[in-house]
Amino acid sequence: MTMHLLLVSANVLLFISSAGSFSVPNSSTLPVPSVPVQIPSDKLPILNTDADTNVPGEDSIDKFEKDMAKIVHELRAGPDTTLPAAYKREKSTRFSYTNIWTAETWEAYNSPWRYWRSLVCVRNSRLLRLIAPQLSVLVLWSIMTLSAGHLLRKALLLKFERLIIPLTPLGLILSFVAALLTLRANNALTRLFTGRAAWGRLLSLTRDTAQVLATYVYPVDPQMGLLCARHLAIIGWLTKTRFREENDEDITSAALSRSDAFFVQSQRKKAPACIMRIRQAVAHLSKKGRLGQTPQLILETSLQEMNHLYGQCEGLLSSPMEPLYTTNTSRLLVFYLMFLPIALQMLNVMAPVGTVLVTTAVGYAMLGMDEITHQIEQPFRVIPMQQLSTRILSDVCDAFVCAPPVLTGSVGKDSPQKEFRKPAYW
């Protein structure tokens, strides 16, 4: 026992004596391996105050205005060709979510004659065209069951006298189908409102960012301010082309310099590439001491939220509602509609024509609700992204082209008024 204590004490003394000479090496003194740094091929173009624009010479407000007008009035003029086919007909797109509504549109939409209009214009109904194949199959199935119903019933009742399909069990199935359709519609509407709110927020963010750039950046460095404005103006268009699978090389070529257009087109996500280019310009000006901390913070916050909105839109596109839920709803819906005409016929309370009409009306209501949820589940199929992109471009341009009068600094004295000229992109 005594020997064991002596050994333990010796080990403790040895550890204490060695601890005084033990030290953790400083990270700054550690040797750093000389690994060559590989610069990616898709690096950002070098910032230059002499902007490499498509037009020879330095960039200017006039060149910026003409380039933006080319996008609005030449490259993307006319109706949106990327909409689904059901939304391209002029007779059925006046009251559509694919358009930006005005006060006049709301007045016409809320007219007391809206019920008569809905009945008269049923042949132009988008929903009727979308569910026409399913509804036609249901009508043919109803006619077929009515035609051969009495033969099947006579043959089956010879063996099964109590073989009847009452409406009560179908009513139970109907309650499940209605609940599933309601929950699915609520989920689809939430996705639609989320996508539309993201675009609305993007519109206000780009307008606010453009005003900050025009107020703080353009006066101290016009070339850098216009460089940021050109990238900011096409963010909406590049976001639209991402979610509609549309070619956008003509937009970048018209709005950006050759080097910037090449950089944006070479990127996997083009709208965030424009945000990155603006962020690079902000950092450059801040490093040079030409941009204060307050506008830099405002710009960084706005750019960060733009990236967040882009990611939110990507989440809506890449994550649908659970397919198992949709499949189960479709199966129960088909089961109910398939046995509905048979059950109505066995009740023997109406003529065959009445059975077909009732089945068709119920099928139109339920198939229509199911089709609506499928149409709006992917919100970027119906959101008016072309009109919103045009408004984003116009708002950004207005901050630079339609600048407010110059402050004279004298109390009660205004600067001389200039004749207003309508911008080319309006």
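Treat the numbers as computed from the prediction; the structure is a model and nothing was measured.

Participant: Help me understand the pattern of salt bridges, please; the structure alone is not making it clear to me.
Facilitator: A side chain of one charge can pair with a side chain of the opposite charge if their charged atoms are brought near each other. The tally for this structure, following the rule as stated, stands at 17 salt bridges. One salt bridge in this structure joins Arg230 and Asp59, with 2.7 Å as the shortest N-O distance. Of the two residues, Arg230 sits in helix α7 (residues 222-233) while Asp59 sits in the loop between α1 (2-19) and α2 (61-75), which places them 171 residues apart along the sequence. Residue classification places Arg230 among the buried residues on the basis of a relative accessible area of 5%. Taking the shortest distance from any N to any O, the salt bridge between Asp80 and Arg244 comes out at 2.8 Å. With Asp80 in the loop between α2 and α3 (103-109) and Arg244 in helix α8 (residues 235-244), the pair connects residues that are 164 residues apart, well separated along the chain. An identical accessibility class is assigned to Asp80 and Arg244; each is buried. Among the ionic contacts, a cluster of salt bridges with common partners joins Arg76, Asp80, Lys240, Arg244, Glu246 and Asp250.

Participant: Could you clarify how one ought to interpret helix α11 (residues 270-287) in this entry?
Facilitator: It helps to recall that an α-helix has 3.6 residues per turn; residues three or four apart then point in one direction. A rise of 1.5 Å per residue sets the reference length of α11, with its 18 residues, at 26 Å; its end C-alpha atoms lie 26 Å apart and thus fit the reference within 8%. Taken together, the buried positions of α11 are Ala271, Pro272, Ala273, Cys274, Ile275, Arg277, Ile278, Ala281, Val282 and Leu285. Those residues of α11 that are buried are in contact with α6 (167-217), α7, α8, α10 (258-265) and α12 (293-318). Just past α11, the residue Gly289 takes up positive phi, approximately 75°.

About the criteria used
- Residues numbered from 1 in each chain as written.
- Predicted model: local features only at pLDDT ≥ 70, side-chain atom pairs only at ≥ 80, totals over all residues.
- Heavy atoms only, no water.
- Salt bridge = Lys/Arg side-chain N within 4 Å of Asp/Glu carboxyl O.
- Helix = DSSP H or I, 4+ residues; strand = E, 2+ residues; numbered from the N terminus.
- Buried < 20%, exposed > 50% of the residue type's maximum accessible area, 1.4 Å probe, protein only.
- Expected span 1.5 Å × (residues − 1).
- Contact = heavy atoms within 4.5 Å.

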